[in-house]
Amino acid sequence: MTDAKKLEFLKTILPGRILQNINLPDDQVVSVNVTTPEHLDGFMSTIHRLLFTAKNKQSGKTTDYNLMVKVIKGDDSFRTSSRATVQFNNERILYTRVVPRFKQLLQEHKSAVDADEWCPRVLYGVSGKFPEYSDQQETILVMENMTLDGFKAGPRNDLDEAHLILMAKKIAQFHACSYAMKIINKSEYDKLVDELIPLNFVTKEEVFESYALLFKLGVGRVVEYVEDHPNVLDSESFKKDFVAFKTKYGTEPIHLMQKFMKKDDYTIILHGDYNRNNVLFKYDDQDKPIDVRMFDFQEHRMGSPAIDLAFFMCMSMPTGLRERFWDPLLKHYHDSLMETLTDILKCSTDDPRLKPYTYKNFIKHLDYNSLYGGMVAMHFLPWMLAPDEECAQLAHHFATDMYSKEMKHWTKVSGGEPVDLRLIEILRYLSKRGSFAIVHADD
């Protein structure tokens, strides 16, 4: 629930600041309405719908605005454990600095790719303390309402080939801009990256507490299921991989997550939370998906493109489709990546500057890092596949006391055995691809 002070800010102060930010100082707000749709609430954010009408003082022309306002939720303790202030500030920088700079890059090099087709336009984005709103550190993002352009949520979790291809191609365009900037102007790229606060899972000083718990609970569920059903380890190689994983990371899986953050030639600016929850699709008259937009960059990280790819591929490719379509989907991604890169650089695919990004090299790199998706699935898939009432229990205990026995219970049982088997099938497939190599590698 939004308290009176915050609601007053949203109604009486924010619309005027939006108009100032988009260079319309002569427009005056004449009416405002704020609603807070419950179905848009995230684990860490509250989304308000802001509708207001502005009238130009000189011409008398009126303009209607239908916008979405994203703010952080939770008390200081929750925000600290989830590093919410860091995440939301990074998201603001992605929207207001990174995406616009990538857009400029594309325009400068006369690319056919349009960055306006990636994500919603942000009309206002600020981070800091705003006494008129609250006494906490805040980030306030005001974005266009993509539903007005026909975009809507896709299937709850499992996606077919058409949805998956759109997601792969879109994120490839975004990734390509990092690689292109590193080639064209590495110093400028580094300055852009320096504006973002690293969001590591583990540092010398601290552990990302909320994720340490979530991964521990998710992995614990799978380990317990395997102990009760050892026959699911149906090959010597899978058994070897899983035992090594359990031995090295079964109690503190957060340290494996940090291994995926290793910097190398493939490290780029990522979305960081690229999954079906954070995209909207547009459909044609036959209900076929024809376009996709991404949003929610708050979990941005610097790392391997596998972090974005393996996340949605492990989460949204059911057994059967996963085995049949994994490689073809990666080919769609790589084709889009190279098409965007060569378009920006105005070169051919055999240009020496692109040698690290050949399909063979890319697949080798992606396979080594794809267990990231399996790790995310172990903690997140139960939320997505569980009945609504179980998901509500998870969300409630995560927000109120993530360390409670109730949180542990609902993580263990949500979705039942079908979720357990789905997770085993994901890990089995990643084992066949050699993605447990990162577990066996020396630290």
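Reference entry: report on the structure contained in this document. (Residues numbered from 1 in each chain as written. Predicted model: local features only at pLDDT ≥ 70, side-chain atom pairs only at ≥ 80, totals over all residues. Heavy atoms only, no water.)

### Re the packing of helix H7 (residues 209–228) against helix H8 (residues 236–249)
Which entries qualify depends on this criterion: Note on definitions: angles span 0 to 180 degrees between N-to-C directions of axes, and those axes are lines fitted to C-alpha atoms, for helices only across the stretch in contact. By the criteria applied, helices consist of DSSP H or I runs no shorter than four residues and strands consist of E runs no shorter than two, each listed in order from the N terminus. Every angle not falling under 35 degrees, over 145, or within 65 to 115 is termed oblique; those three ranges are roughly parallel, roughly antiparallel and roughly perpendicular. Take the far helix as the reference: if the near one is turned anticlockwise from it by less than a right angle, the crossing is left-handed, and if turned clockwise, right-handed. In this analysis, two residues are considered to be in contact whenever any of their non-hydrogen atoms come within 4.5 Å of each other. Amino acids are sorted into nonpolar (Ala, Val, Leu, Ile, Met, Phe, Trp, Tyr, Cys and Pro), charged (Asp, Glu, Lys and Arg) and polar (every other residue, Gly among them).
Between H7 and H8, whose axes approach to 12 Å, the crossing angle comes to 130 degrees. It follows that H7 is oblique to H8 by the angle criterion. When the axes of H7 and H8 are compared, the crossing they make is left-handed. Mapping the contact onto sequence places Val 219, Val 222, Val 223, Val 226 and Glu 227 in H7 and Phe 242, Phe 245 and Lys 246 in H8. A per-class count over the contact of H7 with H8 returns six nonpolar, no polar and two charged.

### Remarks on the nonpolar core
We count it as follows: Here, the term nonpolar core denotes a set of buried Ala, Val, Leu, Ile, Met, Phe, Trp, Tyr and Cys residues that are joined through side-chain atoms within 4.5 Å. Only protein chains enter the calculation, and the probe is 1.4 Å; a residue is then buried if its accessible area is under 20% of its type maximum, exposed if over 50%, and partly exposed in between.
Counting 133 residues, the largest nonpolar core has Trp 118, Phe 174, Phe 245, Ile 269, Leu 341, Leu 371 and Met 375 as the members making the most contacts within it. At 13 residues, helix H5 (residues 161–184) tops the list of elements feeding residues into this core. Once residues within four sequence positions are removed from consideration, Phe 174 is found in contact with Leu 94, Val 99, Phe 102, Trp 118, Ile 269, Leu 270, His 271, Met 294 and Phe 297. Listed in part, the 20 residues of the second largest apolar core include Phe 9, Leu 123, Tyr 124 and Val 126.

### With respect to the sheet that holds strand E9 (residues 289–294)
Pairing between the strands of a sheet comes from backbone hydrogen bonds, and it takes one of two forms, parallel or antiparallel. Note the following rule: Strand pairing requires that DSSP identify at least two bridges connecting the strands.
Strand order in the open sheet formed by three strands is E6-E8-E9, and the pairing between neighbours is antiparallel. Edge positions in the sheet fall to strand E6 (151–152) and E9, since each of these pairs with one other strand and no more. As paired elements, strand E8 (residues 279–283) and E9 share five bridges and run antiparallel to each other. Its bridge partner being in E9, Val 279 is matched across the sheet by Met 294.

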